[in-house]
Amino acid sequence: DRGGYRHFMLKEIMEQPQVVAGALRGRVNFDAGRVELPDFPFLEDEIRDFRRVVLTGCGTSLHAAHVGRYLIERFAGLPAEVESASEYRYREPFLDSDTLVVAISQSGETADTIAAMQDAKERGARLLSICNSEESQAARLADGSLYMGCGMEIGVASTKTFIASVTILFLLGIYLGQARARLSPEVRRDLIADLASTPRLIGEMLADVSQYKVLAQKFSGYNSFLYLGRGINSAIALEGALKLKEVSYIHAEGYPAGEMKHGPIALIDRNMATLALAPRDRLYDKMAGNIKEVKARRGIVLGVLTEGDTELAAEVDDTLFLPTAPEHLYPLLATVPLQLLAYYIALDRGCDVDQPRNLAKSVTVE
Ligand code: M6R
């Protein structure tokens, strides 16, 4: 049931305010400023012994892992690494019982992710899964799981399960920080309140999608896109580019903007579209610099900016605005316009949005 929407992808994008609210339900105690994860399989004493965290997954789930790394480093002060499960399983990584491996998988059945989990288990690591299916192999294999609880995702392009994964990773970061006495109750209370405001903010962004139809007409003719972001939003750039390429078949590459000078800038000319994530966060000035460099080479820039940012809006060709929010919410917020842009561009190009060619919802073979 597409719930009155033309495609499952759009329906699932529209469900995201409820998905975030659902991922928080029963996991936050506002009064005490505490994250509570009843399903977390390790005791506080064990958490204090963790020396590092390795996050793994494939595709969109791998991008969620990238976001998670920033959140865990920031909130828990633990070394965190990201590994693509399809590579990790063939490596000989050092893992021991002081390492928490977090495997992210919507389906819980992705062959490479399962193999990486099996390997981690054999090496004695502690294993947590973040998945959407309680009946999955990932759930069975892990020491414990944090479930996305967002209902079945039917569109092949992952949307709501990405938002759910990132929300849970946010909670996990705070939870690990809390157990390791890294975050004061006041800071935790603020973070939790910020998270709780996210469903409303996402809802506001979803209220009017008319601008995407106009932008889609303008941008659907480009053959190539660069998606740029910095810091935690570089992971959102990767995910935004994946969404565009899989549903619209336009070549799109996500790049950390600081790498531009080291090669990709050679691609810039008036036929190259660049989507630049430049919300008002700690790296805003750096992104503004990157945007100017692209414009100086006649690139076409679609800026994803914070509302009211008239200054940078004047530099770019087109804009999508995010509501003003604490900086750590921008990855969650910026995900939404990138999904909508990919959807409407694909629609404009007449693509089969829910079932893109060559792709399967669950990749159970290598
Ligand atoms: O079920 P999983 O999260 O393990 O799937 C991993 C990838 O195949 C998946 O995220 C894929 O990249 C997305 N469907 C793309 O939108």
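Please refer to the structure higher up on the page.
Quick look at the structure, then. Keep in mind that this is a model prediction, so the values were computed, not measured.

Some thoughts on the overall build of the chain
Turning to step 1, where the next piece is worked out: On a plain count of helices and strands, the chain comes out with 14 helices and 12 strands.
Turning to step 2, where the next piece is worked out: Taken over C-alpha atoms, the radius of gyration comes to 20 Å for the chain, in line with the 21 Å a tight globule of 366 residues would show.
Turning to step 3, where the next piece is worked out: Its C-alpha atoms put the chain at 55 × 45 × 45 Å along the principal axes.
Turning to step 4, where the next piece is worked out: Across the 366 residues of the chain, 60% fall into the buried class.
Turning to step 5, where the next piece is worked out: The long-range share in the chain, meaning contacts at least 24 apart out of those at least 6 apart in sequence, stands at 74%.
Turning to step 6, where the next piece is worked out: As displayed, the chain has an accessible area near 14,500 Å², and 46% of this comes from carbon and sulfur atoms.
Turning to step 7, where the next piece is worked out: Each charge class in the chain can be summarised by its mean position, and for the 40 positive and 49 negative side chains these summaries are 3 Å apart.

Some details on the environment of Asn 233
Turning to step 1, where the next piece is worked out: Within the fold, Asn 233 resides in helix H11 (residues 232-248).
Turning to step 2, where the next piece is worked out: Residue Asn 233 is classed as buried on the basis of its relative accessible area of 1%.
Turning to step 3, where the next piece is worked out: Counting along the chain gives 52 residues from Asn 233 to Ala 181, while the straight-line C-alpha distance between them is 27 Å.
Turning to step 4, where the next piece is worked out: Excluding anything up to four places from it in sequence, Asn 233 contacts Leu 277, Pro 279, Asp 281, Tyr 330 and Pro 331.

Side note on the pattern of salt bridges
Turning to step 1, where the next piece is worked out: Overall, the coordinates contain 20 salt bridges when judged by the stated rule.
Turning to step 2, where the next piece is worked out: Note that Arg 48 is salt-bridged to Glu 44, the shortest N-O span being 3.6 Å. With Arg 48 and Glu 44 both in helix H3 (residues 44-49) and four residues apart, this pair spans about one turn of that helix.
Turning to step 3, where the next piece is worked out: On the basis of relative accessibility, which here comes to 31%, the residue Glu 44 falls in the partly exposed class.
Turning to step 4, where the next piece is worked out: One salt bridge connects Asp 112 with Arg 89, and the closest N-O pair in it is separated by 2.6 Å. In this pair, Asp 112 sits in helix H6 (residues 111-122) while Arg 89 sits in the loop between helix H5 (85-88) and strand S5 (99-105), placing the two residues 23 residues apart along the sequence.
Turning to step 5, where the next piece is worked out: Salt bridges sharing partners connect three or more residues here, namely Arg 34, Glu 44, Asp 45 and Arg 48.

Points about the sheet that holds strand S8 (residues 224-229)
Turning to step 1, where the next piece is worked out: On the basis of which strands lie adjacent, the open sheet formed by five strands has the order S9-S8-S10-S11-S12 and parallel pairing. Each edge of the open sheet is held by one strand with a lone partner, namely strand S9 (251-256) and strand S12 (318-322). With strand direction ignored, the average angle separating the axes of adjacent strands in the sheet is 20 degrees.
Turning to step 2, where the next piece is worked out: Sheet analysis places strand S10 (residues 273-278) next to strand S11 (residues 300-306), joined by six bridges and oriented parallel. Residue pairing in the sheet places Thr 274 in a bridge with Val 301 of S11.
Turning to step 3, where the next piece is worked out: Of the strands in this sheet, S8, S9 and S10 touch H11, which is tilted by about 175 degrees from S9.

Overview of the layout of surface pockets
Turning to step 1, where the next piece is worked out: The volume enclosed by the largest pocket comes to roughly 500 Å³.
Turning to step 2, where the next piece is worked out: What lines the largest pocket is a set of 29 residues, among which Cys 58, Gly 59, Thr 60, Lys 361 and Val 363 lie closest to the centre.
Turning to step 3, where the next piece is worked out: Mapped by element, the contributors of at least two residues to the lining of the largest pocket are helix H4 (59-76), S5, H6, helix H8 (160-179) and H11.
Turning to step 4, where the next piece is worked out: Considering only residue class, the lining of the largest pocket consists of 11 nonpolar, 14 polar and four charged.

Let's talk about the nonpolar core
Nonpolar side chains tend to gather and get buried jointly when the protein is soluble and globular.
Turning to step 1, where the next piece is worked out: One finds Phe 40, Val 102, Leu 176, Phe 225 and Tyr 227 to be the most contacted residues of the largest nonpolar core, which totals 100 residues.
Turning to step 2, where the next piece is worked out: Residues within four places of Phe 225 in sequence aside, it is in contact with Phe 219, Leu 244, Ile 250, His 251, Ala 252, Glu 253, Met 272, Ala 273 and Ile 345.
Turning to step 3, where the next piece is worked out: With 18 residues, the next largest nonpolar core counts Leu 228, Ala 288, Val 294 and Val 316 among its residues.

Definitions and limits used
- Residues numbered from 1 in each chain as written.
- Predicted model: local features only at pLDDT ≥ 70, side-chain atom pairs only at ≥ 80, totals over all residues.
- Heavy atoms only, no water.
- Helix = DSSP H or I, 4+ residues; strand = E, 2+ residues; numbered from the N terminus.
- Rg over C-alpha atoms; globule rule 2.2 N^0.38 Å.
- Buried < 20%, exposed > 50% of the residue type's maximum accessible area, 1.4 Å probe, protein only.
- Contact = heavy atoms within 4.5 Å.
- Areas by Shrake-Rupley, 256 points an atom, 1.4 Å probe, with all protein chains shown as cover.
- Lys, Arg positive; Asp, Glu negative; His and termini not counted.
- Charge placed at Lys NZ, Arg CZ, Asp CG, Glu CD.
- Salt bridge = Lys/Arg side-chain N within 4 Å of Asp/Glu carboxyl O.
- Pairing = 2+ DSSP bridges.
- Axes fitted to C-alpha atoms, helices over the stretch in contact; angles between N-to-C directions.
- 1 Å grid on protein atoms, 1.4 Å probe; cavity = no way out; pocket = protein on both sides within 12 Å on 5 of 7 lines; lining within 4 Å.
- Points joined across faces, edges and corners; volume = space filled by probe spheres on them.
- Nonpolar A, V, L, I, M, F, W, Y, C, P; charged D, E, K, R; others polar.
- Core = buried A, V, L, I, M, F, W, Y, C linked by side-chain atoms within 4.5 Å.

The analysis is restricted to geometry; functional conclusions fall outside its scope.
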